[in-house]
Amino acid sequence: MSIAISDPGIVVRPLDRAIGADIGNVNLAALDDATFRMIEAVWLDRLVLRFRDQDLSDADLMNFSRRFGALDRVPTRAAGQVSTDDPRLAIAPEAREFVTVISNVKIDGKSIGNLGNYESHWHTDMSYGDVPPMASALYGIEVPPSGGNTSFANMYAAYQGLDEETKQRIAELKCVHDASRNSVGELRRGFEEVTDPRQTRGAVHPIVRTHPATGRKCLFLGRRRNAYVVGLPVEESEALLERLWAEASRPEYCWTQVWSKNDLVIWDNRCAMHRRDAFDGNYDRVMHRTQICGDKPY
């Protein structure tokens, strides 16, 4: 079903009952303020938006992302931020501070980009920091013929699906979000293997956060590995987290993006988690990503 909004040239089509919407008949490189306000309203309601058949330079990607808020800087100087003549992988000098290459491409044995072709587990982007980004925008420059799909989960729905006793139990609890590994499980430079979750290094956030724009409550879990609920015995923390993660990843709360070239997907990092399927490393997958600065979860 398609839902028309006030601009007759734009159509919104929900992608799933729980999460996601296609925005059609819009050129993100030439967006006026009124159209953006409509898009933002749909985004706050649907959490994830997809725009197909976009032709975006890095400057266009940054300009669209800036409409949501200040751009977050590239979190680390990634392998992809290098000089290359490949137009899929090159980042313009003025964009290198804000655009990250996500790819499995290697040149002379060196990775150009991040995350390779592995499965990326359910996570919230950079929740191991005190102030995680509010949103991420991902633009598909080259995609494999299959695999590499990105799934999203609605954390409003996950919270609402809990019984009242569990809601009361977690209302004031906080969780440590592990900073030692990235979303494909690789140990980050400078970190040691965590064997006791009570020793996990990372930001401490409320398990239930309040969305600053909508005022709604949602689960805020980050990533499962090495997470720890502050103050609980390890066994109790593990059991509670298993219960919450099982709820958060229920299929009825999720939608999967099957990528096509020139898709742009933007998601609300405050109330939606995501994961990526593995794919055949013989095929190139190249994405350019921006992130928008957020606020401290409360």
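See above for the structure.
The following refers to the structure shown. Since the model is a prediction, treat every value here as computed from it, not as a measurement.

In terms of helices and strands, the protein carries five helices and 20 strands. The globule rule puts the C-alpha radius of gyration for 298 residues at 19 Å, and the 19 Å found for the protein is close to it. Projected onto its principal axes, the C-alpha positions of the protein cover 50 × 50 × 35 Å. By residue count, 54% of the 298 residues in the protein fall in the buried class. Of the contacts made within the protein by residues no fewer than 6 positions apart, 78% connect residues no fewer than 24 positions apart. Surface exposure of the protein reaches about 13500 Å², of which carbon and sulfur atoms provide 48%.

Turning to the sheet that holds strand S12 (residues 174-176), a few remarks are in order. Spatially, three strands are ordered S13-S12-S16 in an open sheet, and the strand pairing comes out antiparallel. Of all the strands in the sheet, just strand S13 (204-206) and strand S16 (228-229) have a single pairing partner and so form its edges. Of the pairings in the sheet, the one linking S12 to S16 comprises two bridges and is antiparallel in character. The partner of Cys 175 across the bridge, within S16, is Val 229.

This paragraph deals with the nonpolar core. Ile 19, Val 48, Met 155, Ile 170, Ile 207, Leu 219 and Leu 221 are the most contacted members of the largest nonpolar core, which has 42 residues in total. Elements with a minimum of two residues in this core: strand S11 (150-154), helix H3 (155-160), strand S15 (217-219), helix H5 (234-248), strand S17 (254-257), strand S18 (264-268) and strand S19 (272-276). If sequence neighbours within four positions are ignored, Leu 219 has contacts with Met 155, Ala 158, Tyr 159, Leu 162, Ile 170, Ile 207, Val 208 and Leu 244. Formed by 36 residues, the second largest nonpolar core is a distinct cluster that contains Leu 28, Ile 39, Leu 61 and Val 286.

Below, the discussion takes up the state of the cysteines. Applying the stated rule across the entire model yields zero disulfides. Free cysteine: Cys 218, not disulfide-bonded; nearest cysteine sulfur from Cys 271 at 5.6 Å. The class for Cys 218 is buried, based on a relative accessible area of 0%. Cys 271 provides the cysteine sulfur closest to Cys 293, a residue in no disulfide bond, and the two sulfurs are 17 Å apart.

All right, on to unusual backbone geometry then. One non-glycine residue, Asn 25, lies in the positive phi region at around 60°. Residue placement: Asn 25 occurs in the loop between strand S3 (21-24) and helix H1 (33-46). Judged by relative accessible area, Asn 25 falls into the exposed class, the value being 63%. Phi is positive for Asn 262, which is not a glycine, with a value near 75°. Within the fold, Asn 262 resides in the loop between S17 and S18. In this structure Asn 262 comes out as partly exposed when scored by relative accessible area, which is 25%.

What counts and how
- Residues numbered from 1 in each chain as written.
- Predicted model: local features only at pLDDT ≥ 70, side-chain atom pairs only at ≥ 80, totals over all residues.
- Heavy atoms only, no water.
- Helix = DSSP H or I, 4+ residues; strand = E, 2+ residues; numbered from the N terminus.
- Rg over C-alpha atoms; globule rule 2.2 N^0.38 Å.
- Buried < 20%, exposed > 50% of the residue type's maximum accessible area, 1.4 Å probe, protein only.
- Contact = heavy atoms within 4.5 Å.
- Areas by Shrake-Rupley, 256 points an atom, 1.4 Å probe, with all protein chains shown as cover.
- Pairing = 2+ DSSP bridges.
- Core = buried A, V, L, I, M, F, W, Y, C linked by side-chain atoms within 4.5 Å.
- Disulfide = S-S within 2.5 Å.

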